[in-house]
Amino acid sequence: MSHHSSLFDSYNIRRVRPPKNKIGTSAKHDSAISHVMGSATYVDDILKPQDTLHVAIGKSTQAHARILSMDLSEVKAAAGVVDVITFADLPAKTDIGPVFDGDPLMVDQITEYVGQTLFAVVAVSHRAAKKASLKALVNYEPLPAILTIEQALEQEQFVRPSHFMQRGDTEAELDKATTRIAGHIHMLGQEHFYLEGQVSYVVPCDDGGLEVYTSSQHPSEVQQLVAEVVDLPFHAVTTIVRRMGGGFGGKETQAAAWACLCGVVAKRHNVPVSMRLDRQDDMVATGKRHEFANRYDVGINDAGQILAVDMQLSALCGYSPDLSDAIVDRAMFHCDNAYYYPAAQIAGHRCKTHTVSNTAYRGFGGPQGLLTAEYMMDHIAYTLGKDPLQVRLANLYQNGQSTHYGQPIEHFDLATIMNTLATDCDYEQRRQQIMAANKKAEAEGSDKRLGLALTPVKFGISFTVQHLNQAGALVHIYTDGTIQINHGGTEMGQGLYIKIAQIVANEFDVDLDTVKATATRTDKVPNTSPTAASSGTDINGKAAQNACITIRQRIVEFAAEHFAVAPEAIRFENNHVYIDDKEELTFAEMVLLAYQHRISLSATGYYKTPKIFYDRSKAWGRPFFYFALGASCSEVEIDTLTGEYTVLRCDILHDVGQSINPAIDIGQIEGAFVQGMGWLTAEELVWDNKGNLASNSAANYKIPTAHDLPKQWTVNLFDRKNEEQTIYNSKAVGEPPFMLAASVWCAINNAVASLADYHKNPELTMPATPEAVLKAVMRMQGEPWEIDTDVNAAAIDSLTNNVDYNHVNQDGDDGINDDKVKPQQVSHGKDVNPPEVAGQLVDDQPEAIKNPNVSVSRGPAHSE
């Protein structure tokens, strides 16, 4: 019992130095080395028994149709096929909607999007199941399909009722405004493109239960849905998530279907079952960020200050509710970004279309609301001939004001952040230089134009569904002084595990390497909330701290009695426990002594977020515990002849409170910024007019690469503790930096605006692909985009699913919409004016590994 592992420094060394890697230090990701070496085990890397079965799905080819017949005889006769399952074979619950019903696990009679699951093939290998799934003969009766936001609004088709927020008499204030501006913006969705696709592996247990290994951000939801689908109580299903190869929201609800299918097969055949979606299947069969078509009517004074806003946000939700209610709500919460609307009327519509059900994506609707506000700020600035930054600063919230949904504005340092960033990056001097350079380029006939923008971010932190703001944790201390922490959060590469481990190490003042975070399991911490809404460290860190405090208090009470000292005289310092001036024990010795005296060294911890509430019937409350703040300044160069652009420079100043791990936080800021930049500039989802996703693979969907990064890039953390009592006064960092990329889009918009001497707002859409930039340039120059020439049908035939151009319908129902990115004027939905509501509101560097041991590296998963 006195052995000390050689993995750790001796206690003589530990006593004379501070504990390593506690909070505030840039400890490396807990799986960094295994990621680099390829030895990190993901779900599909788990070595599987020889009798493991594999599942693939048969997918609908019609957006909206009635199935007249489905001949699966050739599927069943295919080599390696063991079973084929249809809707009629599902043993219990058939709907896996996460909040509201509407998500059938398989199609019964009516298909509602291209790619919907018709049947599941069970075979001895993944390849055999995939090949067999293509042999089905399905006879459809096509039904009218709604494929666009405009069609859904016209037909008043919604997956959930519209929601409205109102403050003041908006119409009266708009009528009194000296200037009134109306505008609209169409922003497309975004593919999650996680490196690890959707995957699940289910193992039957000898007691009739199931062990579910899944790549999911919400283990408890997967546990409950699998249990309901296979007709088991919740306690008979255990969900295990060690890590994901990226999630970004795409694995919050939409990982459940594949686990459920595996669960059905595992229960049916009593053997392990594996399923993974190939990239193309994943892109077709799973939801994306919501496409939005937004419009605004804003009244302003001569200084550019907003007096009133009437805004409509319309989201393309797909065929089912999924999480669209909460996503559109968050878009409505964030349609102000950082700006005060004295009077506001906000409408949010959840449009039903016959496309895959869109789902959570980093920012959860916030970016779509925020970008509408930023486009509106540009519109105001260019209409009045002002600098967009000055218009933004003039409209910023002030402490003591409240949002259009009633949340008070407190501890609001955004003006300081923006002014500090503007000074640090020489905004005003560069702006003058850029304006002069653009005038020179115009005089010389150059095609190059420069653009500059500095934009803020205010992002609310908390789940807007109140009951999700809770978390649990389980801490064990072993008699050698090592600690194990388990919590309800999942690790998707964002560094949550290392942050929680740092918190535990800090509570006992011990080295980080003595703390181990273990796989998220529903049999260790039950009823977990999803790892989403940027809340992972906030709630799970507090729960872990709560468990540590419980154990530490037990040890203190025991030691005070055992050594006859006051509890206040006992200190945990430098891997030791000091008993006044009487004794000095190593942490391990103290733990062993406590164990020998029958003191429990295990505890659960729990946390629920305080202060938050939201009365949706009144559209009023405090849905967020606090706001994360930040600002970014970007400079771009565009080519007005081709629409191509380059991001020359970006400076970021972001508020993460008192950082728990600065390196992890900066990495999150950088990654989020690039992902946001991808959404706003490069990632274009293309659908044809029959509901087929044309951008359905890595070959035709462009995500940012290293070549797209800013040529000069600086990221700094704003040094200020969070005023709210979060874990060590830190702030969430997962989603807010995504919206820092707004500065890149606004800088491109600024470069285009230079063509009209900054007196006209460009019609630039999202994403600002080179094609979209060129369209905006040509519209600004008064040139028609459409070219008067014959269409080369053969050249675009492959894009349009082999359409016969001799028989194209007059109304254009076939083929690709070649001007999808053109701004669409959205007719206002039926407005309801709710009654006005009154109310209150530094890490050691590892030694170089000369001869790494790669014996644990996994080969390809056993599947073929």
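Source: prediction; values computed, not measured. (Residues numbered from 1 in each chain as written. Predicted model: local features only at pLDDT ≥ 70, side-chain atom pairs only at ≥ 80, totals over all residues. Heavy atoms only, no water.)

**Let's talk about the overall build of the protein**
Then, number 1: Summing up its helical and strand segments, the protein has 21 helices and 29 strands in all.
Then, number 2: Looking at the protein as shown, the accessible area adds up to about 33,800 Å², and 49% of this sits on carbon and sulfur atoms. (Helix = DSSP H or I, 4+ residues; strand = E, 2+ residues; numbered from the N terminus. Areas by Shrake-Rupley, 256 points an atom, 1.4 Å probe, with all protein chains shown as cover.)

**Examining unusual backbone geometry**
Then, number 1: The step from Met766 to Pro767 runs through a cis peptide bond, and the omega angle for that step is 5 degrees.
Then, number 2: Position of Pro767 among the secondary structure elements: in the loop between α19 (742-753) and α20 (770-780).
Then, number 3: In the Ramachandran plot, Asn574 falls in the positive-phi region, its phi being about 45 degrees despite a non-glycine side chain.
Then, number 4: With respect to the helices, strands and loops of the structure, Asn574 is situated in the loop between β21 (570-573) and β22 (576-579).

**Points about the packing of aromatic side chains**
Then, number 1: Summed over all chains, the structure comprises 20 aromatic pairs.
Then, number 2: Ring centres of Tyr296 and Tyr375 lie 6.4 Å apart, and the angle between their planes is 70 degrees; on these two criteria the pair is classed as edge-to-face. Residue Tyr296 is located in strand β13 (residues 291-300), and its partner Tyr375 is located in helix α11 (residues 366-384); the two are separated by 79 residues in the primary sequence.
Then, number 3: An angle of 80 degrees between the planes, with centres 5.4 Å apart, marks the rings of Phe333 and Phe624 as edge-to-face. (Phe/Tyr/Trp six-rings, centres within 6.5 Å; stacked < 30°, edge-to-face > 60°.)

**Focus on the sheet that holds strand β12 (residues 273-276)**
Then, number 1: In space, the 8 strands of this open sheet follow the order β3-β5-β1-β12-β9-β10-β11-β20, with mixed pairing throughout. Sheet topology places β3 (81-85) and β20 (520-521) at the edges, where each strand pairs with a single neighbour.
Then, number 2: Judged from the 4 bridges that link them, β3 and strand β5 (residues 117-123) form a sheet pairing that is antiparallel. Counterpart to Val81 in the pairing with β5 is Ala123.
Then, number 3: Packing of helix α7 (residues 219-230) onto the sheet brings it into contact with β10 (210-214), β11 (237-241) and β20, and relative to β11 it is tilted by some 145 degrees. (Pairing = 2+ DSSP bridges. Contact = heavy atoms within 4.5 Å. Axes fitted to C-alpha atoms, helices over the stretch in contact; angles between N-to-C directions.)

**A short note on the environment of Lys524**
Then, number 1: Along the polypeptide, Lys524 turns up in the loop between β20 and α16 (536-563).
Then, number 2: C-alpha of Lys524 to C-alpha of Thr604: the two residues are 80 residues apart in sequence and 9.5 Å apart in space.
Then, number 3: The contacts of Lys524, once residues within four sequence positions are left out, are Leu474, Gln484, Asn486 and Thr518.
Then, number 4: A distance of 3.1 Å separates a polar atom in the side chain of Lys524 from a polar atom in the side chain of Gln484. (Polar contact = N/O pair within 3.5 Å; in protein donor to acceptor, adjacent residues only side chain to side chain.)

**A few points about empty space enclosed by the protein**
Then, number 1: As a volume, the largest cavity reaches approximately 270 Å³.
Then, number 2: The space that makes up the second largest cavity amounts to roughly 130 Å³.
Then, number 3: In terms of lining residues, the second largest cavity is bounded by 15 residues, among which Glu410, His411, Tyr626, Phe627 and Glu724 are the most central.
Then, number 4: Ranked by the residues each element gives to the lining of the second largest cavity, the list is headed by strand β27 (residues 626-639), at 3 residues.
Then, number 5: Looking at side-chain class alone, the lining of the second largest cavity contains 6 nonpolar, 3 polar and 6 charged residues. (1 Å grid on protein atoms, 1.4 Å probe; cavity = no way out; pocket = protein on both sides within 12 Å on 5 of 7 lines; lining within 4 Å. Points joined across faces, edges and corners; volume = space filled by probe spheres on them. Nonpolar A, V, L, I, M, F, W, Y, C, P; charged D, E, K, R; others polar.)

**Points about the pairing of β10**
The side chains of a regular strand alternate, first on one face of the sheet and then on the other.
Then, number 1: Of the two faces of β10, only the one carrying Leu210, Val212 and Thr214 is buried; Glu211 and Tyr213 on the other face are not.
Then, number 2: Relative to β10, strand β9 (residues 199-204) runs antiparallel, the two being bridged by 5 bridges. Across the sheet, the residue bridging to Val203 is Glu211, located in β10.
Then, number 3: A loop of 5 residues connects β9 with β10, the two strands running antiparallel in sequence, and Gly208 in this loop sits at a positive phi of about 95 degrees. (Buried < 20%, exposed > 50% of the residue type's maximum accessible area, 1.4 Å probe, protein only.)

**Let's talk about the sheet that holds strand β18 (residues 483-487)**
Then, number 1: Across the sheet, which stays open at both edges, the 4 strands sit in the order β19-β18-β17-β24 with mixed pairing between neighbours. On the outer flanks of this sheet lie β19 (515-517) and β24 (602-608), each paired with one strand and no other. Taking the axes of each pair of neighbouring strands and ignoring which way they run, one obtains an average angle of 20 degrees across the sheet.
Then, number 2: In the sheet, strand β17 (residues 470-477) pairs with β24 via 7 bridges, with the strands oriented antiparallel. Counted as the bridge partner of Gly472 is Tyr606 from β24.
Then, number 3: Most of the contacts of α16 go to β24, to which it runs at about 140 degrees, and overall it touches β17, β18 and β24.

**Side note on the side chain of Ser534**
Then, number 1: Position of Ser534 relative to the elements: it lies in the loop between β20 and α16.
Then, number 2: Its relative accessible area of 14% is what places Ser534 among the buried residues.
Then, number 3: In terms of polar contacts, Ser534 uses its side chain to reach the side chain of Glu735, at 2.8 Å.

**Thoughts on α16**
Then, number 1: Taking 1.5 Å as the rise per residue, α16 with 28 residues should run 40 Å; its terminal C-alpha atoms sit 40 Å apart, in good agreement.
Then, number 2: In the segment just after α16, Ala564 is the residue with positive phi, at about 60 degrees. (Expected span 1.5 Å × (residues − 1).)

**Things to note about the pattern of salt bridges**
Then, number 1: Inspection of every chain in the model, using the stated rule, returns 46 salt bridges.
Then, number 2: The shortest N-O distance in the salt bridge between Lys448 and Asp639 comes to 3.2 Å. With Lys448 in strand β16 (residues 448-461) and Asp639 in strand β27, this residue pair connects regions lying 191 residues apart in the sequence.
Then, number 3: Residue Arg571 pairs with Glu573 through a salt bridge whose shortest N-O separation is 3.0 Å.
Then, number 4: Arg571 gets classed as partly exposed once you look at its relative accessible area, which sits at 33%.
Then, number 5: One salt-bridge network, in which partners are shared between bridges, spans Arg160, Asp325, Asp329, Arg350 and Arg616. (Salt bridge = Lys/Arg side-chain N within 4 Å of Asp/Glu carboxyl O.)

**Examining the environment of Gln280**
Then, number 1: Mapping Gln280 onto the fold places it in helix α9 (residues 279-285).
Then, number 2: Here the alpha-carbon distance between Gln280 and Ser697, two residues 417 residues apart in the chain, equals 5.2 Å.

**Describing the packing of α11 against α19**
Then, number 1: Contact geometry of α11 with α19 gives a least axis separation of 11 Å together with a crossing angle of 25 degrees. By the criterion of interaxial angle, the relationship of α11 to α19 is roughly parallel. Here the hand of the crossing between α11 and α19 comes out right-handed. Residue-level contacts link Leu370, Leu371, Glu374, Tyr375, Asp378 and Tyr382 of α11 to Ala742, Trp745, Cys746, Asn749, Asn750 and Ala753 of α19.
Then, number 2: Across the contact of α11 with α19, the residue classes tally to 8 nonpolar, 2 polar and 2 charged. (Parallel < 35°, antiparallel > 145°, perpendicular 65-115°, else oblique. Left-handed = near helix turned anticlockwise from the far one by under 90°.)

**Considering the state of the cysteines**
Then, number 1: On inspection of all chains with the given rule, the structure shows 0 disulfides.
Then, number 2: Left unpaired, Cys650 is separated from the closest cysteine sulfur, that of Cys633, by 7.6 Å. (Disulfide = S-S within 2.5 Å.)

**Side note on the confidence of the model for the protein**
Fine structural detail should not be taken from predicted coordinates in areas where pLDDT scores are low.
Then, number 1: For the protein, mean pLDDT is 91; residues scoring 70 or higher make up 89% of the total.
Then, number 2: This stretch, residues 798-814, has a pLDDT under 50; its non-local contacts, to residues over four places away or in other chains, come to 21 contacts. (pLDDT = per-residue confidence, 0-100.)

**Some details on helix α14 (residues 427-444)**
Then, number 1: The end-to-end C-alpha distance of α14 is 25 Å, a good match for the 26 Å that 18 residues give at a rise of 1.5 Å each.
Then, number 2: Of all the residues in α14, the buried ones are Tyr427, Arg430, Arg431, Ile434, Asn438 and Ala441. The arc that holds the buried residues of α14, viewed along the axis, is 105 degrees, so those residues lie on one side. What points out from α14, more than 90 degrees from its buried face, is the exposed set Lys439, Lys440, Ala443 and Glu444.
Then, number 3: Here the buried face of α14 lies against α12 (388-395), α13 (414-424), β16, β27 and β28 (645-655).
Then, number 4: Trailing α14 by a residue or two, Gly445 shows a phi angle of about 75 degrees, which is positive. (Arc of directions from axis to C-beta.)

**A closer look at the environment of Asp30**
Then, number 1: With respect to the secondary-structure elements, Asp30 resides in the loop between α1 (11-15) and α2 (32-37).
Then, number 2: Of the residues examined, Asp30 reaches a relative accessible area of 35% and is grouped as partly exposed.
Then, number 3: In the structure, Asp30 is positioned 486 residues away from Lys516 in sequence and 9.0 Å away in space, judged by C-alpha atoms.
Then, number 4: Within polar-contact distance, the side chain of Asp30 engages the side chain of His29 at 3.3 Å.
Then, number 5: In this structure the side chain of Asp30 is engaged in a polar contact, spanning 3.2 Å, whose partner is the side chain of Arg242.

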